[in-house]
Structures are given as C-alpha cells and as structure tokens.
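The primary structure of each chain is shown beneath.
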Amino acid sequence: MKIANKKVTAERLVRDALEKAKHFADYNIFTFLNEEGALEKAREIDAKIARGEEVGRLAGVPYALKDNFLSPEGQTAAASHILEGFVSPVTATAVEKLEAEGAIMVGRTNMDAFAHGSSTENSYFGPTHNACDKERVAGGSSGGSAVAVALDIVEFATGTDTGGSIRQPASFNGVYGLKPTYGTISRYGVVAMASSTDCIGFFTKTPDDMNLLMEIASGQDEKDLTTLPDYYDNAGAKKITKVGIIKDFDNNSVHPEIRKALQNKIELLKSKGYEIVDLEMPALKYALAAYYIIVPAEVASNLSRYDGVRYGFRSEKSEDLDALYKNTRGEGFMPENKRRIMIGNFVLSSGFYDAYFLKAAKARTLIVQEYTKAFEKCDFILSPVTPNPAFKLGEKTSDPVTMYLEDAMTVPLNLAGVPGLTIPAGKTEDGVALGLQLIGPRRSDKNLIEFSKELI
Amino acid sequence: MEIKREDIIHLADLSDFSLSESEITSLGQDLQGIIGYISQLEELDTDNTKPTYQVFEMENVWRADEILPQDATREELLALTKEEKDNQIKVPKVL
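Report follows, based on the coordinates. A quick note: this is a predicted structure, and the numbers were derived from the prediction, not measured.

**Details of the overall build of chain B**
Phase 1 of the analysis: What chain B contains, in helices and strands, is 3 helices and 2 strands.
Phase 2 of the analysis: Since a compact globule built from 95 residues should have a radius of gyration of about 12 Å, the 23 Å found for chain B marks it as more spread out than a globular shape.
Phase 3 of the analysis: Counting only C-alpha atoms, chain B reaches 55 × 45 × 20 Å along its principal axes.
Phase 4 of the analysis: Here chain B displays about 6900 Å² of accessible surface, and carbon together with sulfur accounts for 49% of that area.

Given below as structure tokens:
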C-alpha cells in the first residue's frame, strides 16, 4: 500500500482519498467524511517525516472505518437511528492500534444497522451500491467498507464479521476480506452484535496488506478478556499439501459461474502439485438454522442496552419512563433489528428454550466437530463464499428468509470460530465480481493469508 | 407452529418495543417464515451431544480485583444524555 514518505506526503494521500470519496458520493459509501481531522493528522505526520523522526508502519495511510467502531471522530451510529448523535468518548482498541502506526481515518462507512443484514439495505442511511454494478447490492453488513476499497478510495477498511459481514461484501466487490480466528483482534469499543461470533477484520487489495494489518491489530487486550494471547506468527506454520473441497456445497443451488470459478482455482492448485481432498460435512446444512437462533439470542441481549436514556436518540413523546423505552426502541430500530431481537426473545423464552436455543447450541457442537474432522484430512478448505453473485438492489428485501439463505456458506465458520479469507476470483460474464473463501483451522490466519498468494 | 397476533404483541413487550398495527402484521408474517426455517433443526440428531455456547479456547480469565483507569470521565458520559440535572440523567416520571 501507499505509505507517506519524503516523496509522497500524507496530506497528498489523504486529499486524494477525500477527493475520490466525493467523486463516488452517489455510491453512498460513507456516513461521515473526516475532512478536517484527517488533514490535521496528515500534516502532523508530514512534519515528523520532515524532521526525520520515526513514523509508524501505516504512516499517512488513508483508511475507512466501519460505522460500528467507536472513536471520537464523527458519530458512531452503527448506521442506525437509535444511536444518532452518539459521539464516543472512548476509542476502540483496533482503532488505537491502527492510528498509533499512523493510519488516518478519512471516513466512516455505511453498513446494515447494527450489522444486521447481508446487503447494506438495512441502513438508516440507505443502501450502498456495488462497486462493479450500481444496480446491485454492495453486500453486507460491511458494504461501505468493501466498496471503499474496491473503488480504490482508501488503502484498506475495517469490518466486522458475525456471520459473513466481511467475507460476503469482499466477494461481491472483488477485494480481499478476512474474518480472523475468534479472539484474534480485540472487540473492545466495537458495537456488540453477537458476542460469541463477532470478529474484527479488514478489507485490502493484497494479501501482504492483510498480513501487515493483522500484525498490527492482533493481540491480547486487557479490555477484552476473549482475546487470545499473541499467536499471530509463523511459529506453528506447516507445509500446505492438501486442500479440501466441500462436496455438500457442490450442487445446483450454487450459481454456475461460482462453481466454474471454484473449478478454475482447483485446476490451478492441481497444476501446482497440491492434492485436492473431497470433504463431506453434512452438519453444515444445519448451520444457518443454528446461526439464526444463536445470533438473534445474543442480539436480543446485546441490544437491550439501547433505551434512549444515556446516549443516542430519545423519543420525544413519552409521558413516563416505560413509554420512553418502548417508543425510543420502536422508532429507533430498523425492521431487521426488530425481527432479530424478537426472534432472540422467542428462542430464549420459557417453553421454547430447549427446542430452539439448546438444540442450536448442540448443533453448534456438531459443526465444530465437523471442521476438526475436516482439518484432519486437509490443511485448508476452498469454498464458495455465497451461493450467488451480488444480487439486484431490492431483490431480496421483501422476504427475510431469502436474504438469510445468502449466508449459508459464511455462518458455519463463525459458529466454529475458524478463520476465513475471501479472495477475488474473477468476474461473471456480466462483469459482477466473484470471490472464494479459504478456510483454515483455528490460529492458522497468517499461514492462510500467505497461502492465498498461490491462488492469484 | 403458528405465530398469532398475541404472540407478536407478547414478543414486542419482551423486547421493549412499541409496534404500529402495520408492523404487527408485517413482523407476524416475517417471524412466521423465520421460525418455520429455523425449526428444521428438529431433523438433526443431537442425542448425546453436549451444547457449545462459546468457541474461545480459554476459560476463567482472571484479573486482579482492582479499579482500572476508565476511558471516559463522568462529565463526558453525562454529556451524551439528552437531559441532565445535578449530575444525574433526567427521565420522565417512573410512576
């Protein structure tokens, strides 16, 4: 990526990014442009460089921040109405680490409100458009971040992935997108969706950029006790010889051009001497149902904090406190937020807990075991990211289950906590970007990123 | 199972939402479809399978019981609310 130095100033890099952001304004990528703040930081870095002082590994690199990362620059609304006006006094650990290396946030990116969605159409700010075809969705929930990188506005962007929210938009826009092993990057200061599956990750244009960002952002954080001790290195790396293909995903419900893209990469791997292993993972068929029980249950709990009392939007027409809660939440949440909260309360309520939540938690065990068994037979898995390429805006908004079905191949990784990297895989005949995901065992992230170069 | 109008009202109450009449109808249809989909888990044999609630490899991460410096001050936090009086958050009457 382009880094500021004596020849190229940080101010030049930031001005270019801001100009491009404005040029592509009709894609609705950003919810906030950090013009003054970004230029001020750029000048500070340029002054340091001029004085010959040491600067960070991301000196002057413009980046885009998904709107669910807390920082005092701009409001952190998670593209919702209920967090409108919330300017955070605290900063997410991931943001602190990036900025400590000199990265400069030029804008906050659009997303499905509270990361509930697969198309960025559930945003309070309206949908983001696909980088390749403006009639199509950007994917989601990190749609704005994916398009900001795909249109070359910024060098990289942050994302969150609870069930595919990085990998799917990366695939829909033709960039790299990593969901790391659960616990790799601190979740402190990121708006919680489902605490047992939420992961922080990035969108980049190259595997090397991804590796650099992971080196910077990963690591244990005393503010998030579910962060793993530092492991992001090559210590456990083994030589890759076998790549698995999930036979259960090779059927007519997968779009022919995605199957063709997968076949092309399989041939490429074979030509390089890798052994291809067929995997049967029958429990994955149930991952989506388990996901849409477990995640709404955690969502219902995590989103109970938004009540209009302490921060964000407050409904003005409430006579008593109970009405204030009910009106604020009724007016402040998007329909998809309401669906998920209500489903969560349904699966957790007495009488339904055993049949739904407990059953899904048991299904989760089977899914975890299936990955463990798979990685006894192969080193990495290559899989489609989604059954279909980016769909048309409005095509799936009338039926939530149709939208959920697009997540069938991304959610199993989150339930198991394993890493997945979306790699670009060409385009359809209509010019729509295609991607595939490389899946590895827990803590194989660095090796996974390195191996993705074999597929270029 | 069939999701009735009173089920939606009950779930909205558990969720602390007020819903309009049109939302009760549309969310009823949506939730019927979603619950229909997730109910397919019934087919999966989970006898003798233990539940998994988290996939973090570690348990019981302890730290010393000490007050750590906070990232935000009382003033900064109070500044986020709509109405403040005497260093307290002001809300409508409770009863």
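**Considerations on the pairing of strand β2 (residues 62–66) of chain A**
Note on strand geometry: in a regular strand, side chains alternate between the two faces of the sheet.
Residues and elements named next belong to chain A.
Phase 1 of the analysis: With 5 of its 5 residues buried, β2 lies for the most part within the structure.
Phase 2 of the analysis: Here β2 shows a buried face lined by P62, A64 and K66 and a second buried face lined by Y63 and L65.
Phase 3 of the analysis: Relative to strand β3 (residues 104–109), β2 runs parallel, the two sharing 5 bridges. If you follow P62 over to β3, its bridge partner there is I104.
Phase 4 of the analysis: A crossover connection joins β2 to the parallel β3 through helix α3 (residues 93–100); in handedness this β-α-β unit is right-handed.
Phase 5 of the analysis: Examined bridge by bridge, β2 and strand β4 (residues 156–161) share 2 bridges and lie parallel to one another. By the bridge assignment for β4, Y63 is matched with F156.

**Considerations on the interface of chain B and chain A**
Phase 1 of the analysis: In this complex, chain B contributes 53 residues to the contact, which on the side of chain A involves 72 residues.
Phase 2 of the analysis: On the chain B side of the contact with chain A, F17, L41 and V55 of chain B bury the most area, a combined 12% of that side's loss.
Phase 3 of the analysis: Our enumeration of links across chain B and chain A arrives at 5 salt bridges.
Phase 4 of the analysis: The salt bridge partner of K326 of chain A is D16 of chain B, with a shortest N-O separation of 2.9 Å.
Phase 5 of the analysis: In this assembly, chain B and chain A are joined by 25 residue pairs in polar contact (both at pLDDT 80 or more).
Phase 6 of the analysis: For the side of chain B that touches chain A, the secondary-structure elements that each account for two or more residues are α1 (5–14), α2 (21–38) and α3 (74–78) of chain B.
Phase 7 of the analysis: Tallying contributions element by element places α2 of chain B first for the side of chain B that touches chain A, with 9 residues.
Phase 8 of the analysis: The class makeup of the residues in the side of chain B that touches chain A is 28 nonpolar, 10 polar and 15 charged.

**Some points on the environment of T410 of chain A**
Residue and element names in this part refer to chain A.
Phase 1 of the analysis: Along the chain, T410 turns up in the loop between α12 (400–405) and α13 (411–416).
Phase 2 of the analysis: C-alpha of T410 to C-alpha of R167: the two residues are 243 residues apart in sequence and 7.4 Å apart in space.
Phase 3 of the analysis: With residues near it in sequence (within four places) discarded, T410 still touches G163, G164, R167, V385 and Q437.

**Some thoughts on the layout of surface pockets**
Phase 1 of the analysis: Computed from the structure, the largest pocket encloses a volume of approximately 770 Å³.
Phase 2 of the analysis: Every residue lining the largest pocket is counted, 29 residues in all, and those nearest its centre are L70, V90, Y188 and G189 of chain A together with D71 of chain B.
Phase 3 of the analysis: By volume, the second largest pocket amounts to about 290 Å³.
Phase 4 of the analysis: Along the walls of the second largest pocket sit 15 residues, with F249, S253, L284, K285 and A408 of chain A positioned nearest its centre.
Phase 5 of the analysis: Tallied by class, residues from the lining of the second largest pocket come to 10 nonpolar, 3 polar and 2 charged.

**Topic: the packing of aromatic side chains**
Phase 1 of the analysis: Per the stated rule, a full pass over the model turns up 21 aromatic pairs over all chains.
Phase 2 of the analysis: Here the aromatic rings of Y182 of chain A and F56 of chain B are separated by 6.3 Å at their centres, their planes lie at 75°, and the arrangement is edge-to-face. With Y182 of chain A in the loop between β5 (176–179) and β6 (199–204) and F56 of chain B in the loop between α2 and α3, this pair bridges two chains. Across the pair, F56 of chain B and Y182 of chain A agree in class, each one buried.
Phase 3 of the analysis: With a centroid separation of 3.8 Å and an interplanar angle of 5°, the aromatic rings of Y292 of chain A and Y404 of chain A are classed as stacked.

Parameters and conventions
- Residues numbered from 1 in each chain as written.
- Chains lettered and ligands numbered in written order.
- Predicted model: local features only at pLDDT ≥ 70, side-chain atom pairs only at ≥ 80, totals over all residues.
- Heavy atoms only, no water.
- Helix = DSSP H or I, 4+ residues; strand = E, 2+ residues; numbered from the N terminus.
- Rg over C-alpha atoms; globule rule 2.2 N^0.38 Å.
- Areas by Shrake-Rupley, 256 points an atom, 1.4 Å probe, with all protein chains shown as cover.
- Buried < 20%, exposed > 50% of the residue type's maximum accessible area, 1.4 Å probe, protein only.
- Pairing = 2+ DSSP bridges.
- Right-handed = clockwise from strand over helix to strand, strands pointing away.
- Contact = heavy atoms within 4.5 Å.
- Buried area = accessible area lost by both parts, 1.4 Å probe.
- Salt bridge = Lys/Arg side-chain N within 4 Å of Asp/Glu carboxyl O.
- Polar contact = N/O pair within 3.5 Å; in protein donor to acceptor, adjacent residues only side chain to side chain.
- Nonpolar A, V, L, I, M, F, W, Y, C, P; charged D, E, K, R; others polar.
- 1 Å grid on protein atoms, 1.4 Å probe; cavity = no way out; pocket = protein on both sides within 12 Å on 5 of 7 lines; lining within 4 Å.
- Points joined across faces, edges and corners; volume = space filled by probe spheres on them.
- Phe/Tyr/Trp six-rings, centres within 6.5 Å; stacked < 30°, edge-to-face > 60°.

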